[in-house]
Amino acid sequence: MASAPSKLYADDVSLVVVLLDTNPFFWSSSSLSFLQFLSHVLSFLNSILTLNQLNQVVVIATGYNSCDYIFDSSLDLKRSLENGRMPVMCSSLLQKLEEFSFKDEQLSKEEPEGRIKCSLLSGSLSMALCYIQRVFRSGALHPHPRVPIDSCYMGAQNSAFLQQASYITGGVHHKPQNLDGLFQYLMTIFAADLHSRSFLHLPKPVGVDFRASCFCHKNTIDMGYICSVCLSIFCKHHKKCSTCGSVFGQAQSEAASASDKKRKTPET
Amino acid sequence: MASRHVTKRAKYKTTIKDPGTPGTLRLTLEKILFVPHNPKSAGKLDVEFRFIKGQKHTKEGSNKPPWLNLTNNQNGSFIFEFENYSDLQYCRDFVGKVLAKSGEVSEKPTVTYPDEQLSAAEMELRIKLLQEDSELQKLHKQFVLSDVLTEAEFWATRKKLLDTEANKKTKQRLGFKSAMISDIRPSTDGRTNKVTFNLTPEIILQIFAEKPAVHRAFLSYVPNKMSEKVFWTKYFRAEYLHSTKNSIAAAAEAAEDEELAVFLKLDDILASEARWKIRRVDPTLDMEADEGDDYTHLPDHGIFRDGSKDMTESQNELYRRTLSQDINRHAAVVLEGRAVDVDLDDTRAVAEALAWSKQESSTKRESDGDTNQERLARVSRMTEIEDLQGPNNLPSAPLCIKDPRDYFDSQQANALRTSGDALGRTEQIKCSLSTQEVYGSLRQSISVIKAMGLKDPIVKPEVAHQVFDALTNSISTTKYHIGKNPHESVLDRLPKKTKDELLHHWTSILELLKHFWASYPITTSYLYTKVNRLKDAISNIYPQLEEIKGSVPSELRHQVSLLVHPMLQALDAAIQHYEADMQKRSTGSVDKPNGYV
C-alpha cells in the first residue's frame, strides 16, 4: 500500500511523498512478494525523478510499531553506496529501510501480543503532511498547499478510508487488478503531476464508499451509536465514550423500565 | 373533524383579570360568534377568522382554569374560559384546523400540538426560515402538511437553525438615527395660514432625549395642566417662532404664555450639564478643553466683535438658539445610545422611562467622592460597545457537516447493505508465523534486491500492454457516460428537471430515514404510530422513483438507474428492518429486554 501526496511548485514540478507500507505481517501473506513490490516501486520513484529535474521524492516507511523517513532526494547521496547495479538512490533507500526494519522489530519485543496487525498509517500521514507544510513555509510560493492524496490499494477487500481520503482531497484512488504490472499502473496513474491532471483523464472508481468506520473495531458500518460530545462512532452500545470520556446517559428504554419497577413496589 | 361548526358554553374575558361574561361561543369556518346569556351585557363578539393570527391555551396539568386565547392581527386578544379541558381541546382543534386551512394558502404553520406551545415570535421565525430556503419549504410541505411528520418532529432536528435566527434578531441594539428628525420642517398649505407638523413616536423619543427641559415640562404639565395635544401644539408654536428667527416676537409671546416660554428659553438643564461637564475636565490632562469652551457663559462665544450692533439683541439673547448647539446636542445623544426600550406609542411611559434612566445616571455621578480618582478611572476606561462585541464563548471549531447532495453522484451503488448482512469486516491478516520470522523474511527480500539489483525488465511487455489496455478501456467508458470534462459529474448530463427531482428525492429520503431509524427501538405507542406513518410514506416513494426513471430518454436511463440504486437500497433496508421487527412482535418469540412495548 503506497500513497503519494504531491504539490505544485510551478507547472509540472512535483513533490511526491510516498508512504510505503512495510508491515511485515501483511507482506508475508500477500500474493505479491515484497521483493517484486520493492522493485516496482523503486523504478517508479526513479522515473518520477527523471520526469523533471526539479522533482523531489520523499519516502516514509509505515511500519508495524513506528514510522520513519527512509529517503529524501533533495539530500546529498553518499557516493560510497554506488555499486553499478542500481541507481545510487535505490541503494541508499534500501540501506535505510533495512535499518528501519531492525528498529521496528526491536520495538515489537516490548509490545504485548495479540494486537491487530495493522500499519501505522495515520502516523506516517501526519509526518508527510508536516513535511510538506515545512517545505512550503520555506518556499513561500503558496500559502496553503493543496495536498491531494493518491492511494494505491493492494489487498483483497476495499479501504473505505482511502477512498474517502482520495475523494475529499482531490486525489486518485486505484486498486490494481493485475499486480504483476504494478509498475505500469504506477506510471500511468500516479506519476502524473498536478498541473497535467487538469487535462488528463485518470481512471475514476465506480463510486466511493462513504460509510464510516466504528472506533472500537474499525469496521465500516451503516448504523451505529454516536457520542454527542465528540462525534465518535461505535457499533455497539457503550457506557462511556472511549475518545472523550463522556458518560452516556441511560437509553430511553432503560429509563422506562426503571420507572416501571418503581411503580410495582408500592402495590406488592 | 367533519363538523363545520362548534358550539360551547364559555365565558368571554377581555383581559385576564376580567371575571368574564358567561355566554355561548359558536365557532364556524368563517367566524367566531359569542353571545352573552344576559342580553343586556356588552360582551357580544363577532370576529372573522381572517383576522385571527394565532391561539394560545393553558395546559391541562397546570392549576390554571381552561382558557383559550385567540390573538388577532392588531395584537388584541380574545380570551375564553371553558367549563372543562375537553371543551377547550375540542375548540382548540377546530380553531387549529381552520387556521391551518387558511394557513395553507399563506404557508403558516398555525396548528399547535399537545406538547408545543409556540409564541407568535417563534412561529414567525419558522415562517421566515421556510420562506428563505425553498428546499426546506419543499420538505416541510411534503411531510408536515401531509401529516407524515409532525411540526415538532420536523423542527426538532433543526434547533440550530432556529437558535441562530433568534440570536440574529436580538443581537444589536438599534440606536438613534443620525439624521436630525427632531428638527421638524413643517408643511405649509399654500392657501390657508395653517402650518402642519408631523409627529411620530420615534421623533418624540428623540425630542425628549435631546431637550431635557422639554422632557421636564412634559412630565410636569401633562396630563395635569394640559393635554398632550395642547402641549405639542405649544411646542411647535415655539419651534415655528424659532425658525422665523424673530427673537423679538418670541420674547413677546414668551412674556404672555408661561408654558410657551419654557420652550422658547434656552434649555437650562443642558446648560447646567455643560457647566458641570466642563468643571470635571482636568486641565492638566486634557489639553483641548479649557475655560474658553464654556460657550454658554460667554457672549458671542468668546469671540470679540463690535458690540454696538448687538445691543438691541442682548435682551432677547435668551430666546436665541443656534444650529451648532442643536447639532452638537443631537450628536451627543446619538452617541450615548438608546437608553429606553419601551413601547414608543405611549408618550407618558417614554417620558417616565427616560426620566428614570437619567436619574439613575445622575445618582451614579453624585456618589463619586473623589474627583481625582474619577478622572483617572475615566481616562483609563475603555469604551466598549457591548452589542458589537463577539460572543464570549470558549473557543470552538465550528462543525462542518456537508450537504449530502454534493456526494450524491459519487456514491458506490453497493455500499449500503441491508441490515441482515454481516457488517464489513476489516481484512484480518491471518499470519501464522512469529514476529521474528516475518521481519526476517522482509529483510531477506531487501538483501536480495541489494545484491541482484532491479529486475530487468521491470515489467513484462505483455503484462504492461494488458494493464494499459484495461485502464484505457475503463477511462473511455466513463468518458462516454460522463462526458469529456474530467471534472463533470453524471448528474450534469441529465436534464435540469430530472436532476432537481433526484436531488430533492435524495434529501427527502434522508429526512424520512433519519426519523425512521431514530424511532427504533420502539418503546412507546407514539413511536409505533410514527413508524407506521413513515413506512407508508417510504412505500409511496418507490413508484415516484420509477416514474423518474421512465421520464428520461433511453440513453440516460442506465445512468439514472445507477443513481437511483443507492436510494432504493436504503429504502429496502428500512422496510426490511420494519418487517423483521413486526414479525418479532407478532410472534413474541424474542425476549423483550429494556422495557419494549
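For clarity, every value in this text was computed on a predicted model and none was experimentally measured. (Residues numbered from 1 in each chain as written. Chains lettered and ligands numbered in written order. Predicted model: local features only at pLDDT ≥ 70, side-chain atom pairs only at ≥ 80, totals over all residues. Heavy atoms only, no water.)

### As for the overall build of chain A
Inclusion rule: A helix here means a DSSP run of H or I that spans at least four residues, while a strand means a run of E at least two residues long, and both kinds are numbered starting from the N terminus. Categorising residues by exposure relies on relative accessible area from a 1.4 Å probe, with only protein chains included: less than 20% of the type maximum marks a residue as buried, more than 50% marks it as exposed, and the intermediate range marks it as partly exposed. Residue contacts are counted whenever heavy atoms from the two residues lie within 4.5 Å of one another. Per-residue and other accessible areas were derived by the Shrake-Rupley procedure at a 1.4 Å probe size, with only the shown protein chains allowed to occlude residues.
Secondary structure summary: chain A contains 8 helices and 10 strands in total. Within chain A, the fraction of its 268 residues that count as buried is 48%. The contacts in chain A between residues at least 6 apart in sequence include a share of 54% that link residues at least 24 apart. If you sum the accessible surface of chain A, you get close to 13,600 Å²; carbon and sulfur atoms cover 56% of it.

### Notes on the pattern of salt bridges
Residues and elements named next belong to chain B. Note the threshold: Salt bridges are defined as contacts in which a side-chain nitrogen from Lys or Arg sits within 4 Å of a carboxyl oxygen from Asp or Glu.
For the structure on display, the rule yields 16 salt bridges over all chains. One salt bridge in this structure joins lysine 514 and glutamate 511, with 3.8 Å as the shortest N-O distance. You can see lysine 514 and its partner glutamate 511 sitting in helix α18 (residues 496-518), 3 residues apart, about one turn around the helix.

### Examining the nonpolar core
Note the threshold: Nonpolar cores are built from buried Ala, Val, Leu, Ile, Met, Phe, Trp, Tyr and Cys residues. Side-chain atoms within 4.5 Å join them into one set.
With 46 residues, the main nonpolar core has A:Phe34, A:Phe37, A:Leu38, A:Phe44, A:Leu45, A:Val59 and A:Leu97 as its most contacted residues. In terms of residue count, the dominant contributor to this core is helix α2 (residues 34-51) of chain A (8 residues). If we ignore the near neighbours within four places in the chain, the residues touching A:Leu97 are A:Thr22, A:Phe34, A:Leu38, A:Ala61, A:Ile70 and B:Ile446. Residues B:Phe154, B:Val490, B:Leu494 and B:Tyr520 belong to the second largest nonpolar core, which totals 45 residues.

### Brief notes about a nonpolar patch on the surface
Defined as follows: To count toward a patch, a residue needs a relative accessible area above 30% and no salt bridge. Like charges then connect within 9 Å, nonpolar side chains (Val, Leu, Ile, Met, Phe, Trp, Tyr) within 5 Å.
Residues A:Ile226, A:Leu231, B:Leu399 and B:Ile401 make up a contiguous nonpolar surface patch of about 430 Å² in total accessible area. Within the secondary structure, B:Leu399 is located in the loop between α14 (371-380) and α15 (435-452).

### A few points about the confidence of the model for chain B
Residue and element names in this part refer to chain B. So the rule is basically this: The quantity called pLDDT is the predictor's confidence in a given residue, expressed from 0 to 100.
Chain-level pLDDT for chain B is 74 on average; 73% of the residues reach the 70-or-more range. Looking at the elements of chain B, mean pLDDT is at its lowest for α14, recorded as 64, and at its highest for α15, recorded as 89. Low pLDDT (under 50) marks residues 104-115, which in the prediction has 23 contacts with non-local residues, meaning those over four places away or in another chain. Residue range residues 590-597 is modelled with pLDDT below 50. Its contacts to residues more than four positions away, or to other chains, number 12 contacts.

### Re empty space enclosed by the protein
Quick note on the threshold: A cavity here means a set of points on a 1 Å grid, drawn over the protein atoms and nothing else, where a 1.4 Å probe fits but cannot get out; a pocket is an open set with protein on both sides within 12 Å along at least five of seven lines, and a residue lines either one if it has an atom within 4 Å of a point. Grid points are joined across faces, edges and corners, and a volume is the space filled by probe spheres set on the points. Under the grouping applied here, Gly and all other residues not named as nonpolar or charged are polar, the nonpolar ones being Ala, Val, Leu, Ile, Met, Phe, Trp, Tyr, Cys and Pro and the charged ones Asp, Glu, Lys and Arg.
Under the counting rule described, the total for this entry stands at 4 cavities of 30 Å³ or more. If you add up the space inside the second largest cavity, you get close to 40 Å³. What lines the second largest cavity is simply A:Thr22, A:Pro24, A:Leu97, A:Phe100, A:Ser101, A:Asp104, B:Tyr439, B:Leu442 and B:Ile446. Of the residues forming the lining of the second largest cavity, the biggest block, 4 residues, is contributed by helix α3 (residues 88-110) of chain A. Of the residues contributing to the lining of the second largest cavity, the split by class is 6 nonpolar, 2 polar and 1 charged.

### Remarks on the sheet that holds strand β1 (residues 5-13) of chain B
All names here are of chain B. As a reminder, the rule being used: Strand pairing is assigned whenever DSSP detects at least two bridges linking the two strands. Axis definition: a line fitted to C-alpha atoms, over the contacting stretch in the case of helices. Angles run 0 to 180 degrees between N-to-C directions.
Strand order across the open sheet formed by 7 strands is β4-β3-β2-β1-β7-β6-β5, with antiparallel pairing between neighbours. In this open sheet, the two strands that pair with only one neighbour each are β4 (45-48) and β5 (52-57). Within this sheet the neighbouring strands show an average axis-to-axis angle of 30°, counted without direction. In terms of strand pairing, β5 meets strand β6 (residues 67-72) through 5 bridges, oriented antiparallel. Bridging from a neighbouring strand, glycine 54 pairs with threonine 71 of β6.

### Considering the packing of aromatic side chains
This is how the line gets drawn: Two aromatic rings, drawn from Phe, Tyr or Trp (for Trp, its six-membered ring), form a pair once their centres lie within 6.5 Å of each other, and the interplanar angle then sorts them: stacked below 30 degrees, edge-to-face above 60, tilted otherwise. Should the NZ of a Lys or the CZ of an Arg lie within 6 Å of a ring centre and within 35 degrees of the ring normal, that charge is described as sitting over the ring.
Taken as a whole and assessed by the stated rule, the structure comprises 22 aromatic pairs over all chains. Between B:Trp232 and B:Tyr235 the ring centres are 5.6 Å apart and the planes differ by 90°, which places this aromatic pair in the edge-to-face class. Of the two residues, B:Trp232 and B:Tyr235 both sit in helix α8 (residues 228-244), 3 residues apart, roughly one turn of that helix. The two residues B:Trp232 and B:Tyr235 agree in class, both being buried. An aromatic cluster of at least three residues, connected via ring pairs, comprises B:Phe208, B:Phe218, B:Phe231, B:Trp232, B:Tyr235 and B:Phe236. In this structure, B:Arg443 packs its charged tip against the face of A:Phe102, placed 4.1 Å from the ring centre.

### Brief notes about the environment of A:Thr243
All names here are of chain A. Short version of the rule: Throughout this description, a polar contact denotes any pair of N or O atoms lying within 3.5 Å of each other; where both atoms belong to protein, one of them has to be capable of donating a hydrogen while the other can accept it, and for residues adjacent in sequence the pair is counted only when both atoms sit in side chains.
If you trace the backbone, threonine 243 turns up in the loop between β10 (233-234) and α8 (252-267). In this structure, the C-alpha to C-alpha distance between threonine 243 and serine 232, residues 11 residues apart in sequence, is 6.9 Å. A distance of 2.8 Å separates polar atoms of two side chains, one belonging to threonine 243 and the other to serine 232.

### Quick word on the side chain of A:Ser66
All names here are of chain A. Checked against the element boundaries, serine 66 lands in the loop between β3 (56-62) and β4 (67-72). In this structure the side chain of serine 66 is engaged in a polar contact, spanning 2.9 Å, whose partner is the side chain of aspartate 104. Leaving out residues up to four positions away in the same chain, serine 66 has contacts with Ala61, Phe100, Asp104, Leu107 and Leu120.

### Description of α2(A)
Rule in force here: Given a helix with a known number of residues, its expected span is that number minus one, times 1.5 Å.
Between the first and last C-alpha of α2(A) there are 26 Å, a value that for 18 residues agrees with the 26 Å anticipated at 1.5 Å per step. Listed as buried for α2(A) are A:Phe34, A:Phe37, A:Leu38, A:Ser39, A:His40, A:Val41, A:Leu42, A:Ser43, A:Phe44, A:Leu45, A:Ser47 and A:Ile48. Buried positions along α2(A) lie against β2 (14-21), α1 (24-28), β3, α3 and α6 (182-190) of chain A together with α15 of chain B.

### Observations concerning the pairing of strand β7 (residues 77-82) of chain B
All names here are of chain B. Across the 6 residues of β7, 5 count as buried, placing the element largely inside the fold. Relative to β7, β1 runs antiparallel, the two sharing 4 bridges. Counted as the bridge partner of tyrosine 12 is phenylalanine 80 from β7. When β6 meets β7, the two strands line up antiparallel, connected through 5 bridges. Bridge pairing links asparagine 69 to isoleucine 79 in β7. Counted along the chain from β6 to the antiparallel partner β7, the turn is 4 residues long, and its residue asparagine 75 has a positive phi close to 65°.

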